[in-house]
Amino acid sequence: MAMNREQKRLMQRQGHVDADGQPVARQRERPNQPRQRQERTSPIQFAREVRQELRKVAWPSRSEVVNYAVVVLITLIVMTVFIAAIDWVFGEAILWLFNV
């Protein structure tokens, strides 16, 4: 099997090949074995965990949100005008090309 060093190391870490680069024989999973059932969290526990994670988020301040919104709107307007201008130029070029 031809592979470079990075591929070989990656496949070794994943357990697909041995140190010599030869494929490793894997045992097949038995479909008859029942999977261990994971315990599900309750909706209340889920809500608590979500709340805890949201407390860790670095929320932007109001002024940052306003600044970001203004930047997005200005960019949107500039790109719209740019695309409209290119569309108009190409439209006129096509009409000139076909003498319409």
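Before any of the text, the structure's been laid out above.
Residues numbered from 1 in each chain as written. Predicted model: local features only at pLDDT ≥ 70, side-chain atom pairs only at ≥ 80, totals over all residues. Heavy atoms only, no water.

Looking at the pattern of salt bridges
Per the stated rule, a full pass over the model turns up one salt bridge. Across the pair E53 and K56 runs a salt bridge, and its minimum N-O distance is 3.3 Å. Taken together, the residues span about one helical turn, with E53 and K56 both in helix α2 (residues 43-56) at a distance of three residues. Assessed through its relative accessible area of 47%, E53 is described here as partly exposed. (Salt bridge = Lys/Arg side-chain N within 4 Å of Asp/Glu carboxyl O. Helix = DSSP H or I, 4+ residues; strand = E, 2+ residues; numbered from the N terminus. Buried < 20%, exposed > 50% of the residue type's maximum accessible area, 1.4 Å probe, protein only.)

A short note on helix α1 (residues 5-14)
One side-chain oxygen of the residue at the start of α1 lies 3.2 Å from the amide nitrogen of E6, identifying that residue as N4. Immediately beyond the C-terminal end of α1, within one or two residues, lies G15, with a positive phi of roughly 85°. (Polar contact = N/O pair within 3.5 Å; in protein donor to acceptor, adjacent residues only side chain to side chain.)

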